[in-house]
Amino acid sequence: MGLLDILLGRTKPVLPDLDQLFALPSAAVTLEAAAGFTPTGTGAVCFATVEGGAFEQTHREVQALLDADADREGPPVELSQDEYGYSWLVSRRSPDQLSELVNDLHAVNSSMEVNGFGPQLLCSLAGFQSEGGRGLALVYLYKRGTFYPFAPLPGGGQRRDNALELQVKAALADDLRMEQDLSRWFPVWGAPGL
């Protein structure tokens, strides 16, 4: 960054740091102690839907790679689309396999990035649940390299538990690189795993 950039107020964009995903298992321990949320075993990567043969080939390779894991229990990796037109590649593991789930999320992001689809990557999330059945997601913003909590209120409708989200942000400040700009805490309504 040069002097002219500083004078004109231009900033360098934050580069994605996919290795930040590997901090999720230790953050999960803190999250359970601070707020009583445990992993659900479901995670997903969201990306803008892309048409074309190159993307289809990448999707098939990623799905085959993840489905080949002999330790995987439950349904294979699946591709779904939400009501807003975004695609989600969903991985399901047993709740005690958060490290393996994080490996899946990292592999999907890395494969898409290597194959030239990095600009289409939006976010990744890992699902958590309280004893009472409340859902929570820790969302990784690909383009910002940061995390934020997303806590929809139970009972349907599109309402968030902002107090819980701020509590989780404070609790995980030492474990994860948290997004400080609250306007970037985008709701992920209908995301798989919530």
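None of these values were measured; they are calculated from a predicted model. (Residues numbered from 1 in each chain as written. Predicted model: local features only at pLDDT ≥ 70, side-chain atom pairs only at ≥ 80, totals over all residues. Heavy atoms only, no water.)

Chemist: Can you tell me about the nonpolar core, naming the residues and giving the values?
Modeler: General note: in soluble globular proteins, nonpolar side chains tend to be found buried as a group. Counting 38 residues, the largest nonpolar core has L21, L24, L31, F128, L138, L172 and L176 as the members making the most contacts within it. Of all the elements in the fold, those that place two or more residues in this core are α2 (24-35), β1 (37-48), α3 (53-67), α4 (98-114), β4 (121-130), β5 (135-141) and α5 (162-171). The dominant element in this core, judged by the number of residues it contributes, is α4, at seven residues. Once residues lying within four places of it in the same chain are set aside, the contact partners of L176 are A23, L24, A27, L138 and F147. Ranked by size, the runner-up nonpolar core spans 15 residues in total, among them W88, C123, F150 and A191. (Core = buried A, V, L, I, M, F, W, Y, C linked by side-chain atoms within 4.5 Å. Buried < 20%, exposed > 50% of the residue type's maximum accessible area, 1.4 Å probe, protein only. Helix = DSSP H or I, 4+ residues; strand = E, 2+ residues; numbered from the N terminus. Contact = heavy atoms within 4.5 Å.)

Chemist: Lay out the sheet that holds β4 in plain terms, naming residues and giving numbers.
Modeler: Strand order in the open sheet formed by six strands is β2-β3-β1-β4-β5-β6, with antiparallel pairing between adjacent strands. If you trace the sheet from one side to the other, it starts and ends with β2 (78-81) and β6 (146-150), each paired once. Between one strand axis and the next, the sheet turns by 25° as a mean value, whatever way the strands run. Judged from the five bridges that link them, β5 and β6 form a sheet pairing that is antiparallel. The residue bridging L138 from the neighbouring strand is P149, located in β6. Across the sheet, α2 lies against β1, β4, β5 and β6, angled at about 130° from β1, the strand it touches most. The strands that α5 touches are β1, β5 and β6; relative to β6, the one it contacts most, it runs at about 145°. (Pairing = 2+ DSSP bridges. Axes fitted to C-alpha atoms, helices over the stretch in contact; angles between N-to-C directions.)

Chemist: Account for the confidence of the model for the protein, naming residues and giving values.
Modeler: Of all residues in the protein, 89% have pLDDT values of 70 or greater, and the mean over the chain is 86. Confidence, expressed as mean pLDDT per element, reaches its minimum in the protein at helix α1 (residues 3-7) with 57 and its maximum at β6 with 97. (pLDDT = per-residue confidence, 0-100.)

Chemist: Explain the packing of α3 against α4 residue by residue, including any values.
Modeler: Contact pair α3 / α4: the axes reach a minimum separation of 10 Å and the direction vectors enclose 155°. It follows that α3 is roughly antiparallel to α4 by the angle criterion. When the axes of α3 and α4 are compared, the crossing they make is right-handed. Residue-level inspection shows F55, T58, V62, L65 and L66 of α3 in contact with α4, the latter providing D104, A107, V108, S111 and M112. In the contact of α3 with α4, the residues fall into seven nonpolar, two polar and one charged. (Parallel < 35°, antiparallel > 145°, perpendicular 65-115°, else oblique. Left-handed = near helix turned anticlockwise from the far one by under 90°. Nonpolar A, V, L, I, M, F, W, Y, C, P; charged D, E, K, R; others polar.)

Chemist: Lay out the packing of aromatic side chains with the relevant residues and their values.
Modeler: Counted by the stated rule, this structure contains three aromatic pairs. On the basis of an interplanar angle of 75° and a centroid distance of 5.1 Å, the ring pair of F150 and W189 is categorised as edge-to-face. With F150 in strand β6 and W189 in the segment after α5, this residue pair connects regions lying 39 residues apart in the sequence. With respect to class, F150 is no different from W189; both count as buried. (Phe/Tyr/Trp six-rings, centres within 6.5 Å; stacked < 30°, edge-to-face > 60°.)

Chemist: I'd love a proper account of the pairing of strand β3 (residues 86-92), names of residues and values included.
Modeler: Of all seven residues that make up β3, five are buried, and the element is covered over most of its length. Examined bridge by bridge, β2 and β3 share four bridges and lie antiparallel to one another. Bridging across to β3, E78 finds its partner in V90.

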